[in-house]
Amino acid sequence: MNVIIMGYGRMGREVEKILLERGHLVVSRVDSGGYGDELKPSAESLSAADAVIEFALPGGIKDNTALYSEYGLKAVIGTTGWNEEKEEVLKPFESGKGAVVYGSNYSIGAHLFFRMTAQASRMINKVEEYDTMLIEYHHNKKVDAPSGTALTAAQLVLDNLDRKKEILPGNPPGAIKPEQLHVASVRGGNIPGIHTLTLDSPADTLEITHNARNRSGFALGAVMAAEWLCSGEGRTGVFTVDDFISDLLD
Ligand SMILES: NC(=O)c1ccc[n+]([C@@H]2O[C@H](COP(=O)([O-])OP(=O)(O)OC[C@H]3O[C@@H](n4cnc5c(N)ncnc54)[C@H](O)[C@@H]3O)[C@@H](O)[C@H]2O)c1
């Protein structure tokens, strides 16, 4: 694939490494902060590209997607924070010109963890002896707690395990109710992200852990999503990261 990297920050640089490792060509690195080859994508770059992978900030997202669709590009959007403008951002692709996949988590490992969480919760649904809980660790600069990944996993437990009815975040001062799912957050050091689902019975404990070493998992998933959009005849229209992951894993 010939690819434009939109946003040449931490994620854009990771994406470049993976693209080159997988034999793709980087047409242009576009970064409005001046860190790339161009501040805005030129007509020349847009015409030369098959795909664009965007990990930028959300300010320019509407103009960007209109441009990607105009040039018939396959667009992978990793940029987050544009939910309120979702309709306008995705509208250009509804015409069938170009394609877009979007989502807040491109890590295939995280999606494996989500699927295992759902499956494990279903498996203990009729085995009352097992209780379950979630714990996540992140670096000391993380602003939100619980993490978005932990909340997604927690929702999957609630969806698949009848006896858990509500998420209990934070550090409860006393006993918790059996229908509460405790989601604990620990902050410190440089940890990129560890999430563990624990199943515990009087006889034993099982743990499912996703331990992210760095950001490369997000970048690999984004590059694979672009390959997926370009594969075969090439897809057109609007897809979520779940559509891509389901095609890959299910
Ligand atoms: N979907 C996922 O799996 C996933 C994973 C990690 C990060 N993210 C998101 O990706 C985005 C980037 O993250 P990061 O850690 O690389 O940030 P970063 O700050 O390191 O890099 C962002 C870069 O984009 C540039 N930029 C800002 N606005 C731009 C615009 N309109 N056009 C072109 N370039 C622009 C900035 O100059 C900067 O170099 C954020 O929205 C983040 O939340 C998503």
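A word on the site of the ligand
Here is step 1 of the chain: Within the structure, the ligand sits among 22 residues, and Arg10, Met11, Asp31, Thr80 and Tyr106 are positioned closest to it.
Here is step 2 of the chain: Tyr106 is positioned with one of its backbone polar atoms (N or O) 2.9 Å from an oxygen atom of the ligand.
Here is step 3 of the chain: In isolation the ligand offers 860 Å² of accessible surface; the protein chains occlude 82% of this area.
Here is step 4 of the chain: Its residues assigned to classes, the shell around the ligand shows 8 nonpolar, 11 polar and 3 charged.

A word on the domain arrangement of the protein chain
Interfaces are often described in size by the accessible area the parts lose on coming together.
Here is step 1 of the chain: Assigned domains within the protein chain: domain 1 (2-106 + 215-249) and domain 2 (108-211).
Here is step 2 of the chain: The distance between the C-alpha centroids of domain 1 and domain 2 comes to 31 Å.
Here is step 3 of the chain: The interface is formed by 11 residues belonging to domain 1 together with 7 residues belonging to domain 2.
Here is step 4 of the chain: When domain 1 packs against domain 2, the two sides together hide about 690 Å² of surface, and 63% of this comes from carbon and sulfur.
Here is step 5 of the chain: Ranking the residues of domain 1 by area buried against domain 2 places Asn105, Ile245 and Leu249 at the top, with a combined share of 63%.
Here is step 6 of the chain: Along the contact surface separating domain 1 from domain 2 lie 0 salt bridges.
Here is step 7 of the chain: Linking domain 1 with domain 2 are 3 residue pairs in polar contact (both at pLDDT 80 or more).
Here is step 8 of the chain: Elements that contribute at least two residues to the side of domain 1 that touches domain 2 include exactly helix H7 (216-230) and helix H8 (241-249).
Here is step 9 of the chain: The dominant element in the side of domain 1 that touches domain 2, judged by the number of residues it contributes, is H8, at 6 residues.
Here is step 10 of the chain: By residue class, the composition of the side of domain 1 that touches domain 2 is 6 nonpolar, 4 polar and 1 charged.

Quick look at the packing of aromatic side chains
Here is step 1 of the chain: Taken as a whole and judged by the stated rule, the model has 5 aromatic pairs.
Here is step 2 of the chain: Among the aromatic residues, those joined into a cluster by ring pairs are Trp228, Phe239 and Phe244.

Digging into the sheet that holds strand S7 (residues 166-169)
What links the strands of a sheet is backbone hydrogen bonding, and the strands pair in either a parallel or an antiparallel sense.
Here is step 1 of the chain: With respect to topology, 5 strands assemble into an open sheet ordered S7-S8-S6-S9-S10, the strand pairing being mixed. Every other strand in the sheet has two partners, leaving S7 and strand S10 (205-211) as the edge strands with one partner each. When the angles between neighbouring strand axes are averaged without regard to direction, this sheet yields 20 degrees.
Here is step 2 of the chain: Taken together, the 7 bridges between strand S6 (residues 131-138) and strand S9 (residues 194-200) define a ladder with antiparallel strand orientation.

Calculation criteria
- Each residue is numbered by its place in its chain's sequence as written, counting from 1.
- In keeping with the predicted nature of the model, local features appear solely for residues at pLDDT of at least 70, side-chain atom pairs appear and are counted solely at 80 or more, and the whole-chain, interface and lining totals rest on all residues.
- Hydrogens and waters are ignored; side-chain quantities use all the structure's heavy atoms.
- Nearness of a residue to a molecule or strand requires only that one of the residue's heavy atoms be within 4 Å of it.
- Whenever a nitrogen or oxygen atom comes within 3.5 Å of another N or O atom, the pair is scored as a polar contact, on the condition that within protein one atom can donate a hydrogen and the other can accept it, and that pairs from neighbouring residues in sequence are kept only if both atoms are in side chains.
- Using a 1.4 Å probe, accessible areas were evaluated by the Shrake-Rupley method; residue-level cover was limited to the displayed protein chains.
- Nonpolar residues are Ala, Val, Leu, Ile, Met, Phe, Trp, Tyr, Cys and Pro. Charged residues are Asp, Glu, Lys and Arg, and all others, Gly as well, are polar.
- For each domain, the first and last residues come from an automatic or database assignment.
- Note on contacts: a residue pair qualifies if any of its non-hydrogen atoms lie within 4.5 Å across the two residues.
- For any pair of parts, buried area is found by adding up, for both, the accessible area (1.4 Å probe) each one loses once the two are put together.
- Only one rule defines a salt bridge in this text: a Lys or Arg side-chain nitrogen within 4 Å of an Asp or Glu carboxyl oxygen.
- Secondary structure is summarised from DSSP: a helix means a run of H or I of at least four residues, a strand means a run of E of at least two, and numbering begins at the N terminus for each.
- Note on ring pairs: Phe, Tyr and Trp rings are taken, using the six-membered ring of Trp, and paired if centres are within 6.5 Å. Classes follow the plane angle, with under 30 degrees stacked, over 60 edge-to-face and the rest tilted.
- Here a strand pair is declared whenever DSSP counts at least two bridges between the two strands.
- Fitted lines through C-alpha atoms serve as axes, helices being fitted only where they are in contact, and the angles separating the N-to-C directions of these axes extend from 0 to 180 degrees.

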